[in-house]
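# An overview of the molecular structure
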Amino acid sequence: MRQEKLTPYDIIVRPILTEKTHRMMNERKYVFEVNPLANKGQIREAVEKIFNVKVEKVNVMNVKPKPKRRGIYTGRTRRWKKAIVTLKEGYVIKELMPEI
Amino acid sequence: MKRVEVEKDKNMTVVEYEFDPKEVEIAESRAARYLNDRIELPGFRKGRIPKSVWKVRLGQEFNEYVIDYLAQDALKEEKDLDNLLIRPVLVDGKVEGEKAFVKMEYHFEPEVKLPEPEGLELKAVRKDEVLDKYVERRLEDLREEHALVEPKEGQAEYGDMVKVRMIVSTEDGKILRDEEYEYVLVQDDDRPFVKDLVGKKKGDVVEFDREYEGKKFHYRVELLEVYSRTLHELDDEFAKMVGNEFETLEQLKEHLKEEGSGIYDREMREVLRDQALAWLVENTELDISKKTLERLVDSAIANLKEKGSYDAYVEKYGGEEKLREVLEGYYLEQFKEEFGIKALAEKEGIQIKDEDLEKEAEELSKLWGISPERAKVLVKSKEDIRRDLEWVLLKRRVLDSLIDKAKVVELSEEEYKKAMGGEEENEEKQQ
């Protein structure tokens, strides 16, 4: 079955904003949740297009579901794909780090 | 911070402040601290969310917090804000790049132009005429009060006194009241325990139901006795019966005249004060900006909307436009009264001292039903009571000073009614 082409906005689901990722932004590393079907090349292209920056490298990992329990109910968190995007020297994503 | 006065209209001044990057940064840190104290975000420990994250998450809303802090800084810089009429209004604020701009509106107490009291004419009803009527009415009341009461056979009539046993019970038969009463059957009283008793004889029973707050009550009124009432002739004998101190009817009339004279003086003084106040409000000019009144009306309308009574008021006055007009007129009148009185007090050197308040507290203690000492302590310790009393006394003294300067024209009751009614008609026409 032929897969439809993913647009940049389908690839980048959301930025992950936590204390840790905020610290990483100082090293030009930005963390995103990405489409599980996207590859490194597509992620690089999407970030460059959406945020108008140059990407140095992309690291991806699949986050495994973790078991969760709420009272008597047990379940699992969802599976998702994380990408750590490192930008080239001198670039910054202002939408996520406005004060740099 | 740069401060520029951009507009001035009567009592209103608009000031624009420009903040440099350092000042903006400090305000941003304060805003971030404020948010950190109150809000938690997933992924961050409490209180550890950086300023930049707040900017990303809240966007323009974060700038509003920043503007609020900058507006506070601007207020701290202003020195002469003691005589503000309403709270400063933040009209505009924006963060542009590293700089920020804040625009504030200050509404001060307006300048007052007092009218000259020369030619002020107040109207009063002639005292002797009022007193004659008062004595006449009081004598009639006393005759009713001292009527000769004798048991009577036959039917009760209007003007008779009756003794009844009244039993009030609920729908399910529970007796709430079972008491004896004596009262006069007055002609215009339509209540069933008056009207229905006319024509009844001793021993007759009248029963009826009445409804209070949605509940039905049953009344059983048994006529125990009927008394005829004979009114005394107005003569010296009658005067002696009213009080041992009176030997003749003339003495009684003289006493009633004195009593009425005190009432007349007090009431006529109030009438003259009302007229003087109306004159003051009508003729005082205020240098007040239209914008000040608009701000007050806006806030009153917002208040009505919050309380849920806005629609009812709009309907009452036939549209918001009309309601705004009425509110504006109300505020203007209130300010003319307040600032007119204050300005006149200053001009005449009228002040309210502690001893004046104590004296008034003594008078009020009778009304409040407490000891004069307790009333004095209350007035001293309660700021709001003290302020209210100060205002009442100041207003009274200022109006009395106006009355002293005015020409008081004494009119007959008919002329007075015509003169005052005529003015009302004119006002209606103007409206």
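Computed from a predicted structure; not experimentally measured.

About the thresholds
Residues numbered from 1 in each chain as written. Chains lettered and ligands numbered in written order. Predicted model: local features only at pLDDT ≥ 70, side-chain atom pairs only at ≥ 80, totals over all residues. Heavy atoms only, no water. Helix = DSSP H or I, 4+ residues; strand = E, 2+ residues; numbered from the N terminus. Rg over C-alpha atoms; globule rule 2.2 N^0.38 Å. Buried < 20%, exposed > 50% of the residue type's maximum accessible area, 1.4 Å probe, protein only. Areas by Shrake-Rupley, 256 points an atom, 1.4 Å probe, with all protein chains shown as cover. Lys, Arg positive; Asp, Glu negative; His and termini not counted. Charge placed at Lys NZ, Arg CZ, Asp CG, Glu CD. Contact = heavy atoms within 4.5 Å. Core = buried A, V, L, I, M, F, W, Y, C linked by side-chain atoms within 4.5 Å. Axes fitted to C-alpha atoms, helices over the stretch in contact; angles between N-to-C directions. Parallel < 35°, antiparallel > 145°, perpendicular 65-115°, else oblique. Nonpolar A, V, L, I, M, F, W, Y, C, P; charged D, E, K, R; others polar. pLDDT = per-residue confidence, 0-100. Domains from an automatic or database assignment. Expected span 1.5 Å × (residues − 1). Arc of directions from axis to C-beta. Polar contact = N/O pair within 3.5 Å; in protein donor to acceptor, adjacent residues only side chain to side chain. Pairing = 2+ DSSP bridges. Phe/Tyr/Trp six-rings, centres within 6.5 Å; stacked < 30°, edge-to-face > 60°.

This part covers the overall build of chain B. The number of helices and strands found in chain B is 14 helices and 13 strands. Scaling as 2.2 N^0.38, a compact globule of 431 residues should have a C-alpha radius of gyration of about 22 Å, whereas chain B reaches 34 Å, well beyond that. Projecting the C-alpha coordinates of chain B onto the three principal axes gives extents of approximately 100 × 70 × 50 Å. Counting all 431 residues of chain B, 37% fall into the buried class. For chain B, the exposed area adds up to about 26900 Å²; of that, 44% sits on carbon and sulfur atoms. Considering chain B, the positive charge centre built from 77 side chains and the negative charge centre built from 111 side chains are found 5 Å apart.

All names here are of chain B. Structurally, R273 is set in helix α7 (residues 249-283). For R273, a relative accessible area of 11% puts it in the buried group. Apart from residues lying up to four places away in sequence, R273 is in contact with R396, L399, D400 and I403.

With that out of the way, let us pick up the nonpolar core. Grouped burial of nonpolar side chains is what soluble globular proteins tend to show. Counting 49 residues, the largest nonpolar core has A:F32, A:I43, A:V47 and A:I93 as its most contacted members. Ranked by residues supplied to this core, first place goes to helix α3 (residues 60-77) of chain B with seven residues. Setting aside residues up to four positions removed in sequence, A:I93 forms contacts with A:Y30, A:F32, A:V47, A:F51, A:V53 and A:L87. Counting residues in each nonpolar core, the second largest holds 35 residues, with B:A124, B:A276, B:L399 and B:Y416 among its members.

Two quantities define a packed helix pair, namely the angle between the axes and the distance from one axis to the other. Residues and elements named next belong to chain B. Viewed as axis vectors pointing N to C, helix α11 (residues 354-368) and helix α13 (residues 383-405) meet at an angle of 105°, and their least axial separation amounts to 11 Å. With respect to α13, the axis of α11 lies roughly perpendicular. When α11 is examined against α13, the residues D354, D356, L357, E360, L364 and W368 are found in contact with a partner set consisting of I385, R386, L389, E390, L393, R396 and R397. Residue composition of the contact of α11 with α13, by class: six nonpolar, no polar and seven charged.

Now for the confidence of the model for chain B. Keep in mind that low pLDDT regions are not for reading the predicted coordinates in detail. Residues and elements named next belong to chain B. For chain B, the average pLDDT comes to 91, and 98% of its residues sit at 70 or higher. Mean pLDDT per element in chain B: helix α14 (residues 413-430) is the minimum at 67, and strand β2 (residues 12-19) is the maximum at 96. This stretch, residues 424-431, has a pLDDT under 50; its non-local contacts, to residues over four places away or in other chains, come to zero contacts. Among the scores for the predicted complex, ipTM is 0.77 and pTM is 0.70.

So, about the domain arrangement of chain B. Here chain B is partitioned into domain 1 (2-109), domain 2 (148-230) and domain 3 (258-430). Summarising the inter-unit geometry, the C-alpha centres of domain 2 of chain B and domain 3 of chain B are found 46 Å apart.

Take helix α3 (residues 40-51) of chain A next. Residue and element names in this part refer to chain A. Look at α3: 16 Å from first C-alpha to last across 12 residues, which is about the 16 Å you get at 1.5 Å a residue. Listed in full, the buried residues belonging to α3 are I43, A46, V47 and F51. On an axial view of α3, the arc spanned by its buried residues comes to 95°, and they lie on one face. Facing away from the buried side of α3 by over 90 degrees, the exposed positions are E45 and K49. Check the buried side of α3 and you find it contacts α1 (8-11), β1 (12-15), β2 (29-34), β3 (55-63) and β6 (80-87). Residue N39 occupies the N-cap position of α3, its side-chain oxygen lying 3.2 Å from the main-chain nitrogen of G41. N52, located one to two residues past α3, shows a positive phi value of around 55°.

All right, on to the pairing of strand β3 (residues 89-96) of chain B then. Along any regular strand the residues' side chains alternate between the sheet's two faces. All names here are of chain B. Across seven bridges, the pairing between β3 and strand β4 (residues 99-107) is antiparallel. Looking at β4, one finds that K94 is bridged to F101. Linking β3 back to β4 in an antiparallel pair, the connection comprises two residues, with G97 at a positive phi of about 60°.

Residue and element names in this part refer to chain B. The antiparallel open sheet is built from four strands, whose spatial order is β1-β2-β4-β3. In this open sheet, the two strands that pair with only one neighbour each are β1 (2-9) and β3. With strand direction ignored, the average angle separating the axes of adjacent strands in the sheet is 15°. In terms of strand pairing, β1 meets β2 through seven bridges, oriented antiparallel. Bridge pairing in β2 links E5 to V15. In the packing of helix α8 (residues 290-307) onto the sheet, contacts are made with β1, β2, β3 and β4, and the angle to β4 comes to roughly 95°.

Under the counting rule described, the total for this entry stands at 10 aromatic pairs over all chains. Between A:F32 and A:F51, the aromatic rings sit 5.7 Å apart at their centres with planes inclined by 25°, giving stacked as the arrangement. Taken as a pair, A:F32 in strand β2 and A:F51 in helix α3 lie far apart in primary sequence, 19 residues in all. The exposure class of A:F32 is buried, given its relative accessible area of 0%. On the accessibility criterion, A:F51 (16% relative accessible area) is buried. Their ring planes at 65° and their centres at 5.4 Å tell us that B:Y330 and B:Y331 sit as a pair that is edge-to-face.

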